[in-house]
Amino acid sequence: MTTTYLELSQDGGGAHKFYEVTVDGLEVSVRYGRIGATGQTQRSSFATADKARAAAAKKIGEKVRKGYAAAVPGGRAARSVTRRAVGSAPSTARAAAPVLWRFRTGSAAFGIHVDEDRIWMGNQAGDVFTLDHGGEVLARFGLPDGVKCLVADDFWIYAGCDDGKVYDLSSKLPFAAYDIAADVDIFWLDIHEGVLDVADRSGRLTVIDHEDEHQWSRSGRGEYAWMVRADGRAVYYGDTHGVAAYAADGSGELWHTPVDGAVLFGWQEDTAVYAGTGHRKVQRLAKRDGRVEAVYACDATVYACATSPGGRFVFAGDSASSVYCFAEDGTRLWKLGIGGGSALSMQYRDERLYLVTTDGSLVCVDASEAAIQAAQQGSVPVARDVKLAAALPTYTPATTASAVASVASVGAAGEAPAGSIVVECALEGGRSRVRVVSPGYEPAWNVQFPRAIREPGARFVVEALHPAAGGFYRVRGEIRRLL
């Protein structure tokens, strides 16, 4: 058995990753990832030992040409991942918010998404939980690193993590749908019709298509980019120097607007984007030209903001454990205490405001007019403390071909189970693509498929495929190797 270990480490916050190739008889194993991490592993078998050695030599040569060099494992320390340093002071509000229920996870939580059926929340321990609107915990996912944000694109749910990957959580078994890069320190992301927009610690915006291939990138005027939102026209990006809009195709900057303080959070509606800032404000900017249309003044640094549909009401959470509601024109309607921790992300739905906080809680606030009026008079419900069922299973990602193959058995002699779709990996122009083999699908369309398990000639089955804009299919359901 022979092992070759390579590293690529650049100064100034560039690449910091490893690549290890092991040849053991007829098998070649490749392990890669961020220096200091376990990384991912791919295994391939060959007909002869000579073919295995030749394949390994080809892989090593490709990496050396890209700048990798021989190294000793453990010789370089792992580069630290930015954990958002956030403080949380007690609320100065005179009244407490009408909290209906609270779910405590024990680790600061940035990610939240609320849809028609459930609430998704993710924390810095790598846990993602789903709950129904009544507060019952439905499922738990265990991701390899801290969750920075959760976003939805139609019915696909994605989690951006500190390991530089974006995981698809749309089925029971999560998988890495996008591999941003081991050296990219994800702060926030958004996704629109399969195109991923990533803002990072260095103030860079990176756009990646549905096949996990880089499209374009641009550095902003500042750093610490905590805001990125996208629609069909533009990508809206905020950092320490303001908010900018870039053409969706990367052709250029449409506008840039300095705002009052570093941007710490962003939200969007159809015609406007909202930037929460370090100078105690939420500012509403017109998508058309970046003009500041309204200002919503808070009493402390704004960590999070959200709106009701159409921007009729604007909500904000500050660093002093308070939550605010404003009228569309900027008039403050109320300020209430959350009762533990400051909101790092929030979303409004059906007269309820859902918050995730610095102390790792998911909080459900009754934001109806009657409940708020009662709270301002000192009458609030007794918040229910949601408990995690001890027997609830935790679903972890399948990031290698062997792991996916073990998800479930399929029919003998390579037969796909009834109702499933067969897809095949193939090389096109030196790049791995995935196409549908089963009848009834457009054969020219590609399939969004985990890059880590694409192997030329390999066939897989998936439970369901759904088309999206741009002529491609996206996976919804488990992926299984076709034996």
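For clarity, every value in this text was computed on a predicted model and none was experimentally measured.

Undergrad: Lay out the overall build of the chain with the relevant residues and their values.
TA: Looking only at helices and strands, one finds three helices and 42 strands in the chain. For the chain, the C-alpha radius of gyration of 24 Å lies close to 23 Å, the compact-globule estimate for 483 residues. For the chain, the spread of C-alpha atoms along the principal axes amounts to about 80 × 45 × 45 Å. The proportion of buried residues among the 483 residues of the chain is 56%. Here the analysis covers contacts within the chain between residues at least 6 apart in sequence; of these, 49% occur between residues at least 24 apart. Of the accessible surface of the chain, which amounts to about 19,800 Å², a share of 48% is contributed by carbon and sulfur atoms. Across the chain, the centroid of the 52 positively charged side chains sits 4 Å from that of the 57 negatively charged ones.

Undergrad: Go over the pairing of strand E25 (residues 281-286), please, and point to the residues and values.
TA: Across the six residues that make up E25, a large majority, five, are buried. Bridge count between strand E24 (residues 272-277) and E25: five bridges; the pairing is antiparallel. Looking across to E25, one finds that Ala-272 is bridged to Ala-286. Across five bridges, the pairing between E25 and strand E26 (residues 292-297) is antiparallel. For Val-282, the partnering residue across the bridge sits in E26 and is Tyr-296. What sits between the antiparallel neighbours E25 and E26 is a turn of five residues, in which Gly-290 has the positive phi angle 80°.

Undergrad: Report on the pattern of salt bridges, specifying residues and quantitative values.
TA: Evaluated as defined, the whole model comprises 22 salt bridges. Among the salt bridges present, the one from Asp-162 reaches Lys-148, with a minimum N-O distance of 2.5 Å. Taken together, the residues span a long stretch of sequence, with Asp-162 in the loop between strand E12 (156-161) and strand E13 (165-168) and Lys-148 in strand E11 (residues 147-153) at a distance of 14 residues. One network of salt bridges, with partners in common, ties together Arg-104, Asp-385 and Lys-387.

Undergrad: Could you give me a rundown of the packing of aromatic side chains, with the residues and numbers involved?
TA: Applying the stated criterion to the full structure yields 23 aromatic pairs. Pairing Tyr-274 with Tyr-296 gives two aromatic rings, centres 6.5 Å apart and planes at 40°, and the pair type is tilted. On the criterion of sequence distance, the pair formed by Tyr-274 in strand E24 and Tyr-296 in strand E26 is long-range, its members being 22 residues apart. With respect to class, Tyr-274 is no different from Tyr-296; both count as buried. Ring plane angle 50° and centroid distance 5.0 Å describe the contact between Trp-445 and Tyr-473, whose orientation is recorded as tilted.

Undergrad: Tell me about the sheet that holds strand E9 (residues 127-131), residues and numbers included.
TA: Strand order across the open sheet formed by five strands is E7-E8-E9-E10-E35, with mixed pairing between neighbours. Both outer strands of the open sheet, strand E7 (109-114) and strand E35 (394-395), are each paired with one neighbouring strand and no more. Where E9 meets strand E10 (residues 137-142), five bridges bridge the pair, whose relative direction is antiparallel. Considered in E10, the bridge of Leu-131 is made with Val-137.

Undergrad: Describe in detail the environment of His-133, supporting the description with residues and values.
TA: With respect to the helices and strands, His-133 occurs in the loop between E9 and E10. Note: C-alpha distance between His-133 and Asp-115 (18 residues apart in sequence) is 9.4 Å. Not counting the four nearest positions on each side in its chain, His-133 is found in contact with Trp-101, Val-114, Asp-115, Glu-116, Asp-117, Arg-118, Ile-119, Arg-349, Arg-352 and Tyr-354. Among the polar contacts listed, one links the side chain of His-133 to the backbone oxygen of Asp-115, at a separation of 3.0 Å.

Undergrad: Account for helix H1 (residues 49-65), with residues named and values stated.
TA: Along its 17 residues, H1 runs 24 Å from first to last C-alpha, staying within 8% of the 24 Å computed at 1.5 Å per residue. Buried within H1 we find Ala-52, Ala-55, Ala-56, Ile-60, Gly-61 and Lys-63. Residues of H1 that are buried sit in contact with strand E1 (2-9), strand E2 (16-24) and strand E3 (27-34). Looking one or two residues past H1, Gly-67 carries a phi angle of roughly 110°, positive in sign.

Undergrad: An account of the sheet that holds E11 is requested, with residue identities and associated values reported.
TA: Pairing in this open sheet of four strands is antiparallel, and the strands run E11-E12-E13-E14 from one edge to the other. Two strands lie at the open edges of the sheet, namely E11 and strand E14 (175-179), each paired on one side alone. Strand-to-strand twist across the sheet, computed as the mean angle between neighbouring axes with direction ignored, equals 30°.

Basis of the calculations
Note that residues are indexed from 1 along each chain, following the sequence as it is written. Thresholds applied to this predicted model are a pLDDT of at least 70 for local features of residues and 80 or more for the giving and counting of side-chain atom pairs; totals over whole chains, interfaces and linings are not thresholded and use all residues. With hydrogens and water excluded, all non-hydrogen atoms of the structure serve as input to the side-chain values. Strands here mean DSSP runs of E at least two residues long; helices mean DSSP runs of H or I at least four residues long; both are numbered from the N terminus. Each radius of gyration reported is based on C-alpha atoms, and the globular scaling rule is 2.2 Å times the count of residues to the power 0.38. Only protein chains enter the accessibility calculation, which uses a 1.4 Å probe. A residue is then buried if its area is under 20% of the maximum for its type, exposed if over 50%, and partly exposed in between. Residues count as neighbours in contact if any of their non-hydrogen atoms are within 4.5 Å of one another. Here the open area of atoms and residues is found with the Shrake-Rupley method and a 1.4 Å probe, where only the protein chains shown may cover a residue. None of His or the chain ends enter the tally, which takes Lys and Arg as positive and Asp and Glu as negative. To locate a charge, take NZ of a lysine, CZ of an arginine, CG of an aspartate or CD of a glutamate. Pairing between two strands is assigned when DSSP locates at least 2 bridges connecting them. For salt bridges, the criterion is a side-chain nitrogen of Lys or Arg within 4 Å of an Asp or Glu carboxyl oxygen. Aromatic pairing here means that ring centres of Phe, Tyr or Trp (its six-membered ring) are within 6.5 Å. Orientation follows from the plane angle: under 30 degrees is stacked, over 60 is edge-to-face, and everything else is tilted. Nitrogen and oxygen atoms within 3.5 Å of one another constitute a polar contact, given that in protein one can donate a hydrogen and the other can accept it, and given that sequence-neighbouring residues count only through two side-chain atoms. Given the number of residues in a helix, its expected span is that number minus one, multiplied by 1.5 Å. Axis lines are fitted to C-alpha atoms, over the contacting stretch for helices. Their N-to-C directions set the angle, which ranges from 0 to 180 degrees.

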